[in-house]
Structure formats: structure tokens, C-alpha cells
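Results of the structural survey
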Amino acid sequence: MSRAVLLLAAALFVVLLAAVPAALLLDLPYLLFLFQQLAILATAAVGLNLVLGYAGLPAFGHAAFVGIGSYTVGILATELPGTLFTSAWVQLPLAAALAGLVAALIGAVSLRTRGVAFLMITLAFGQMLYFAAVALERYGGDDGMILVAPSRLGEQNLSRGVLSYTISVAVLAVALYVSFRLMRSPFGTVLRGAAANERRMQAVGVAVHRYRIGAFAASGALCGIAGVLLANHTAFISPATLAWTRSVELAVMVLLGGAGTLFGPLFGAAAFVLLEEVLSGVTEHWRIVFGPLLLLVVLAAPGGIAGLLGRQSND
Amino acid sequence: MRAVDKAAVLAEPLLVARGLTKRYGGLVANAGIDFDLRPREVHAVIGPNGGGKTTLLGQLMGEIEPDAGTIALTGADITALAVPERVLRGLARSYQVTSVFPGFTVLENVAFGLRARRRTTSRFWRAARTGGELGEAAAAILRRVGLSGRSGVDAAVLSHGEQRQLEIAIALSTTPKVLLLDEPLAGLGVDEGRRMVDLIASIAGPIAIVLVEHDMDAVFALADRITVLVDGAVIASGAPDAIRADPLMRSAYLGEDL
Ligand SMILES: Nc1ncnc2c1ncn2[C@@H]1O[C@H](COP(=O)(O)OP(=O)(O)O)[C@@H](O)[C@H]1O
Ligand SMILES: [Mg+2]
């Protein structure tokens, strides 16, 4: 990993942490709101990067796994308020397990196809879950629902505030550490090797399919955890979280930051969130500028931001 | 089959294929091929381009699903087994068009097969190490193929000749009983080709080899038995001398190469 990549990653974490005193001193709660969104999206992008980046599989339905995490929180808050099930300690592992399981199942089916067909089928599965969320009349259907009981953490909870913010940043750090451990392990090495030459990997005795399903599970679990945090962050859960455009946004973050690199998703999420913020302040038609701008960056620098900062080894 | 099979049946064949058939639309790439490989044998498969040699190897390896026929390895039917399962039972192959892991060092290229054999590829938390016993095994393989000095180099930047050597090293990393080599001399210069023949000779024996090759000098230097494939069918099979002497063979194929 290049020095510049490490420095930028460290700088971003310093900024994320320094934002707490800065926001308190300068009375800028919006700063924390924005940066927390950044941290949560980066966590989901770290998850997607396992599949889209390291494993080299064009998966474009990962917003659904974020949605599973969010709806887990929303449904438990509605159905079982005041119980153990609104505790973050229960919701986080539960959401991770659910999203991981669904991701593994979707992966197992999608992985029967390749290339564009794979992309389309992951997109289709994402849409299926989106419409499933729309169909949940009891939970607001199309309109979604307000989170009536944020995830509890001891005496406090994961709604707004410094604790919630700090936890989102800590979760991002943990996600990056998990990604780091997974991808330099034999398992991760197989995933990367199969992306480089799948037929050869089979021919040395590795049943590639299983490893990719494993990558989907880990990827989905991280997205599910991000979904729990996101539901608390916005205090609102709706099918919009699962929209295919969200999946594309996550993929753009990964590609923009540097697919298949450890910190790429962090860089991509930061660039995405900050650009969106700046551009939307300048013009309300920011999307018209944003889309082509992203396209340009991805075309001009196929290795993304991490690639621009220097050759990055895989660990 | 015209050439007389003079090689005595010394032992149960390691690998037996019966009636292997593969069609691509109207084209019959393999038309009911019977083929076997005995322990310690180098069995060359020759024939003109498009004869069906690569298709045969692909079916033996499990990469191409036969339309008909059966394959047995050490007496067990493996026709329905997927590629990785066949590998764990002792099959390995090299490819006509070089197929290595670009972006990985030479050492890492060999480590994949070593880990698969040790069944440690699913470990997901501890770092993948290339030292210790695995490193020694890798170094031994790289020494064997003549890539010792290159273990830290990205496979993508190796010369073509070195990549052909790595191709063999990757196949050896799975500790095969049976090795399928698809034109190992393809694209090699004279000296490199000679070294490749020496390399194949040095691994032959404990590992039985199916050798697909166009270079007739290499074939006659290495083969214990030769099968000739033309238009997907075996037109001759037997000892090298018998194949060399066969008049139909001379006109059908060898004429152009000898
Ligand atoms: N995937 C494929 N689709 C269609 N035709 C194929 C395919 N693979 C091989 N063939 C055809 O099958 C025949 C045998 O090919 P191959 O086994 O590669 O021959 P060889 O290795 O002896 O040169 C050729 O005519 C080739 O064009
Ligand atoms: Mg061929």
C-alpha cells in the first residue's frame, strides 16, 4: 500500500474524530450529521468492495442488504419496543446475520451466471427486495416508517449525538479491519486470484463458487450493519433505502475510491458525500453535473483515488 | 485403429476414457474417443490443428462436459465430478494458451495449489503465509522448473518462456498423479523447448503424463505411447516406432512435420 494512501486514510480518520470537538465548540451539529452519513456509507462500501472489488464480481444490488439492516431495526422497534430486541447488542448481530444470509442465498443463485447477466440478476434481486419493502403495508409501505425506538445502548441509544457518531466511526474502523484480515487471508487470496483467473483457480483444486458465496455473506453482513446505523441516523426507514439507485451509488463509491483496495471505499464514500454536499449547495440540478463528473473520474482514473495515489498492493 | 498397440498392458490404467464425445453444433470435436493412461507412462496425443486434442484434455479435466462417454481415475468414475474435485483426486493440467495468475508473485502462483492440497484455502482470518513448510514446498517446485530466482516477481511480467515454466509449476503445486499438458512447447525457442523437454522428462515417471504436442522431436523424445487424433477420432494409437512406421500416419499427419 502506498504511503500516500495510508496518509490520506489516516487524515480522514483524524478529520472524522476531530469533527466531534469542532462540532461541539462551533455549534455545528450538521457537520456531525454529514460525517456520520459518510462513515455509514463508507462501511457499506467496504462491504460491497469485498464482492465488487476484491472478488471482481459486478454486483449491483447491495442497497437491499443495507435495507435489511434498516428494516430489522424498524420492525423490531415497532413490534417489540422496550424489549431486549431494541438493544443494539441484539440488533447489530441479528441484522448482520439476516443480511449475510440473504446475500449468501442471492449470491448462490446469481453466481450461476457471469458478466452482464450477473449484473442484471443482482440488480433484479435488489429490486425484488425493494418491492417486498414497498409491500410491507404494516410498516408504511411506500412511505416507510418513523423509527419509534432507536437502538438502545445501555442507558443511551444510537439516535443522533456524539455517542451515535462515535460508534458509526468505530464501526467503520472495524469494517476496514475485517476487510483487511479477510483479504490477506488464504480465503481472500483465493477470491482475488479467482478474479484474476477463475479457470486456473478451479484447476488447482479450489471450488471458487463457495468462496464467492462466502464473500457475498461477509459483504451482506457489513451492509446490514450499516443499515442498522443508517436507520438510527435518519430515524426513518423506507423502501428508498433499497432503491436500485442506492446500489449504483454504493458501486460508484467503490469504483471512485479504488475497487479492490482496502481504503478505496472510504475514499470513494468521502468524495461522494462531500461532492454531493458541495454541488447540491451550488445548484439544485447538481445531479446533472455529478453524474458526468463521476463518469469522467472513473474513466480517467480506472484505479480510482487509491490508484491515483500510487500503486497499491492488495494487503 | 491401424497401428498395433505394442506397449504391453503392465498395470491397471490410471486414467480411462470410454466413448468421449463432444459436439459443437454440427461439428464433432471428439467422436467417441477411447483413451487410457497407464502408471508412469507418457502418452502423447498428436494430430492436426482442430483435431480435438484440447477438447479431449478439457473433458478429462472436467472443464468441458461430454455429450457422451465416461472417465475413470484410479478405478473410480469421475465423469460427474467438477474440476476441483478431480484435482483433489490427482488430476492437473497446463494450458495451450498460458494461464497463470497475473498480479500475483511467482511464489503466490504456486501457493494456491499447495494450499488447496493442504485444504487451508478456507482459512479466513490469519494472514496467508508463504513461509514455513509451504514456502519450502513452493521453493522446491520452483527449483524443479527453473524459476528459483524469480519467486518474488509478478507473474504478469515474466517472459513467455518463464510463464510456460510457471504453467508447469502451478500444475505441480497440486501434487498430481496425472498431468495433462497442452502444447507445453508452444511459442518456445529452440533452447527453451529443449529445456522444457528435459523438465517434462524429469517429472515423468511418478507422475503419468498426457502430452499434447506439435513438436515431433519432443514427442518422440518423451512418449511411451502415441495416439493420433484427426477430426475428433483416434486414427492410430501405439508405440512411437509403430506410429512412425505407419504409412497412413505418415501421409495423414507426420509427413508435414518429419
Ligand atoms: N467452444 C467451442 N465452440 C465451438 N467449436 C469449438 C469449441 N472448442 C473447440 N471447437 C472446435 O472443435 C474442434 C477441435 O478443437 P480443439 O479441441 O481445440 O482442437 P486441437 O486442440 O486439436 O487443435 C475445432 O474444430 C474447434 O474449432
Ligand atoms: Mg489445442
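To start, this report covers the structure provided alongside it. (Residues numbered from 1 in each chain as written. Chains lettered and ligands numbered in written order. Predicted model: local features only at pLDDT ≥ 70, side-chain atom pairs only at ≥ 80, totals over all residues. Heavy atoms only, no water.)

Glancing now at the overall build of chain B. Secondary structure summary: chain B contains nine helices and 10 strands in total. Taken over C-alpha atoms, the radius of gyration comes to 18 Å for chain B, in line with the 18 Å a tight globule of 258 residues would show. For chain B, the proportion of its 258 residues judged to be buried stands at 54%. In chain B, the share of contacts with a sequence separation of at least 24, taken over all contacts with a separation of at least 6, comes to 68%. Accessible surface for chain B amounts to roughly 10,800 Å². Of this, 51% is attributable to carbon and sulfur atoms. (Helix = DSSP H or I, 4+ residues; strand = E, 2+ residues; numbered from the N terminus. Rg over C-alpha atoms; globule rule 2.2 N^0.38 Å. Buried < 20%, exposed > 50% of the residue type's maximum accessible area, 1.4 Å probe, protein only. Contact = heavy atoms within 4.5 Å. Areas by Shrake-Rupley, 256 points an atom, 1.4 Å probe, with all protein chains shown as cover.)

It is worth spelling out the site of ligand 1 at this point. Residue and element names in this part refer to chain B. Lining the immediate surroundings of ligand 1 are Tyr24, Leu27, Ala29, Pro48, Asn49, Gly50, Gly51, Gly52, Lys53, Thr54 and Thr55. Gly52 is positioned with one of its backbone polar atoms (N or O) 2.9 Å from an oxygen atom of ligand 1. Within the contact set of ligand 1, an oxygen atom lies 2.5 Å away from a side-chain nitrogen or oxygen of Thr55. In isolation ligand 1 exposes 560 Å². Once the protein is present, 60% of that is buried. Where the shell around ligand 1 is concerned, the elements lending two or more residues are strand E2 (27-37) and helix H1 (53-61). With three residues, the single largest contributor to the shell around ligand 1 is H1. Here the shell around ligand 1 is built from residues that sort into four nonpolar, six polar and one charged. (Near = heavy atom within 4 Å. Polar contact = N/O pair within 3.5 Å; in protein donor to acceptor, adjacent residues only side chain to side chain. Nonpolar A, V, L, I, M, F, W, Y, C, P; charged D, E, K, R; others polar.)

Residue and element names in this part refer to chain B. Here we have four strands laid out as an open sheet, ordered E2-E1-E4-E5, and antiparallel in their pairing. Edge positions in the open sheet fall to E2 and strand E5 (76-77), since each of these has one partner strand only. As judged from the seven bridges shared by strand E1 (residues 15-24) and E2, these two strands associate in the antiparallel manner. Note that in E2 the partner of Ala17 across the bridge is Phe35. Most of the contacts of H1 go to E1, to which it runs at about 120°, and overall it touches E1, E2 and strand E4 (68-73). (Pairing = 2+ DSSP bridges. Axes fitted to C-alpha atoms, helices over the stretch in contact; angles between N-to-C directions.)

Further remarks concern the packing of aromatic side chains. Residue and element names in this part refer to chain A. Counted by the stated rule, this structure contains 11 aromatic pairs over all chains. Taking the centre distance of 6.1 Å and the plane angle of 20° together, the rings of Tyr30 and Phe33 count as stacked. Remark: Phe33 and Tyr30 occur in helix H2 (residues 29-54); sequence separation between them is three residues, near one turn of the helix. Tyr30 gets classed as partly exposed once you look at its relative accessible area, which sits at 44%. (Phe/Tyr/Trp six-rings, centres within 6.5 Å; stacked < 30°, edge-to-face > 60°.)

Residues and elements named next belong to chain B. In spatial order, the strands read E6-E7-E8-E3-E9-E10; together these six strands make up an open sheet with mixed pairing. One side of each edge strand has no neighbouring strand; the edge strands of this open sheet are strand E6 (91-93) and strand E10 (233-238). Across the sheet, the axes of successive neighbouring strands diverge by a mean angle of 15°, strand direction being ignored. Where strand E3 (residues 42-46) lies against strand E9 (residues 225-230), four bridges are found, and the strand directions are parallel. Within E9, the residue paired with His43 across the bridge is Arg225. Lying on the sheet, H1 is in contact with E3, E6, strand E7 (178-182), strand E8 (208-212) and E9; it crosses E6 at an angle near 145°.

Attention now moves to the nonpolar core. Ranked by size, the top nonpolar core spans 148 residues in total, and within it A:Leu172, A:Met201, A:Leu266, A:Phe267, B:Leu166, B:Leu179 and B:Ile209 carry the most contacts. Membership of the second largest hydrophobic core comes to 28 residues, among which are A:Ala203, B:Leu15, B:Val87 and B:Val234. (Core = buried A, V, L, I, M, F, W, Y, C linked by side-chain atoms within 4.5 Å.)

Below, the discussion takes up the interface of chain B and chain A. The extent of an interface is frequently quoted as the accessible surface area lost upon association of the parts. Each partner contributes residues to the interface: chain B has 33 residues there, and chain A has 25 residues. Across the chain B to chain A interface the summed buried area is about 2,400 Å²; carbon plus sulfur atoms make up 65%. Considering only the side of chain B, the residues that lose the most area to chain A are B:Phe101, B:Thr121 and B:Trp125, jointly responsible for 25% of the buried surface there. Taken together, chain B and chain A are joined by one salt bridge. Secondary structure elements with two or more residues in the side of chain B that touches chain A: helix H2 (83-88), helix H3 (106-118) and helix H5 (160-172) of chain B. (Buried area = accessible area lost by both parts, 1.4 Å probe. Salt bridge = Lys/Arg side-chain N within 4 Å of Asp/Glu carboxyl O.)

Residue and element names in this part refer to chain B. In this structure, Thr54 (OG1) and Gln96 (OE1) serve as the protein donors to the magnesium ion (ligand 2), at separations of 2.0 to 2.2 Å. Of this pair, Thr54 sits in helix H1 while Gln96 sits in the loop between E6 and H3, and the two are 42 residues apart along the sequence. Residue class for Thr54 comes out partly exposed when judged on its relative accessible area of 33%. Accessibility expressed as a relative area gives 31% for Gln96, which makes it partly exposed. (Donors = N, O, S within 2.8 Å, 3.2 Å for Na, K, Ca; no water.)

Moving on: the side chain of A:Thr189. Summarising the element assignment, A:Thr189 is placed in helix H7 (residues 186-196). For A:Thr189, the residues in contact, after removing those within four places along its chain, are A:Met183, A:Arg184, A:Met201, B:Phe104, B:Phe112, B:Arg115 and B:Ala128.

Further remarks concern H5(B). For an α-helix, the turn length of 3.6 residues means that residues three or four places apart are oriented alike. Over its 13 residues, H5(B) extends 19 Å from the first C-alpha to the last, a length consistent with the 18 Å expected when each residue adds 1.5 Å. Considered for burial, the residues of H5(B) that qualify are B:Gly161, B:Glu162, B:Gln163, B:Arg164, B:Gln165, B:Leu166, B:Glu167, B:Ile168, B:Ala169, B:Ile170, B:Ala171 and B:Leu172. In the core, the buried residues of H5(B) are packed alongside helix H8 (198-203) of chain A together with E6, H3, helix H4 (132-145), E7 and helix H6 (190-203) of chain B. (Expected span 1.5 Å × (residues − 1).)

Residues and elements named next belong to chain B. Even without a glycine there, the phi angle at Thr74 is positive, about 45°. Secondary-structure assignment places Thr74 in the loop between E4 and E5. At Asp231, a position not held by glycine, the phi torsion is positive, near 50°. On the secondary structure map, Asp231 appears in the loop between E9 and E10. Judged by relative accessible area, which is 63%, Asp231 ranks as exposed.

Any link to function would need more than the numbers given here.
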